[in-house]
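Summary of structural features
Below are the chains, spelled out letter by letter.
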Amino acid sequence: QVQLMESGGGLVQAGGSLRLSCVASGSIGSILVMGWYRQAPGKERELVSTISIGGSTRYADSVKGRFTISRDMAKNTLYLQMDSLKPEDTAVYYCQVETSFRVHYWGKGTLVTVSS
């Protein structure tokens, strides 16, 4: 199993920045893909960004050019640098991993609120 713990959420004004972190523990050697998802009030959970074991990244169109995903393998930590934040970025952000067994694990989420 893999355990995930997010941090870094908070309240920020539009145009500001936040950096989310996600520390992974447990069977981390089985992780193939790590990513960030978000769920806004009244909406379905959506993909924000992912990074594969090989370093390939992808982003939702809504965050391209503003968000950057990265990882520190030595610290077993995934990051999401969020710049030029907009009120529509307000959501609970979840860390997720996919393992070589095609099992998905989720963190409990961290709330990001962007005020206008």
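Since we're looking at a predicted model, the values are computed, not measured.

So, the state of the cysteines
- Tallied over the full model, the rule gives one disulfide.
- Between the sulfur atoms of cysteine 22 and its disulfide mate cysteine 95 the distance is 2.1 Å. Here cysteine 22 and cysteine 95 share a disulfide; its torsion about the S-S bond, -80°, makes the bridge left-handed. One end of the pair, cysteine 22, is in strand S3 (residues 18-26); the other, cysteine 95, is in strand S9 (residues 91-99), with 73 residues separating them in the sequence. Each of the two residues, cysteine 22 as well as cysteine 95, counts as buried.

What to know about the environment of arginine 71
- Mapped onto the secondary structure, arginine 71 falls in strand S7 (residues 67-72).
- Once the C-alpha coordinates of arginine 71 and alanine 60 are considered, the two residues, 11 residues apart in sequence, prove to be 18 Å apart.
- In contact with arginine 71, not counting residues within four places along its chain, are Ile51, Ser52, Ile53, Gly54, Gly55, Thr77, Leu78 and Tyr79.
- There is a polar contact of 2.6 Å between the side chain of arginine 71 and the backbone oxygen of serine 52.
- A distance of 3.1 Å separates a polar side-chain atom of arginine 71 from the backbone oxygen of isoleucine 53.

Cut-off values and rules
Residues numbered from 1 in each chain as written. Predicted model: local features only at pLDDT ≥ 70, side-chain atom pairs only at ≥ 80, totals over all residues. Heavy atoms only, no water. Disulfide = S-S within 2.5 Å. Helix = DSSP H or I, 4+ residues; strand = E, 2+ residues; numbered from the N terminus. Buried < 20%, exposed > 50% of the residue type's maximum accessible area, 1.4 Å probe, protein only. Contact = heavy atoms within 4.5 Å. Polar contact = N/O pair within 3.5 Å; in protein donor to acceptor, adjacent residues only side chain to side chain.

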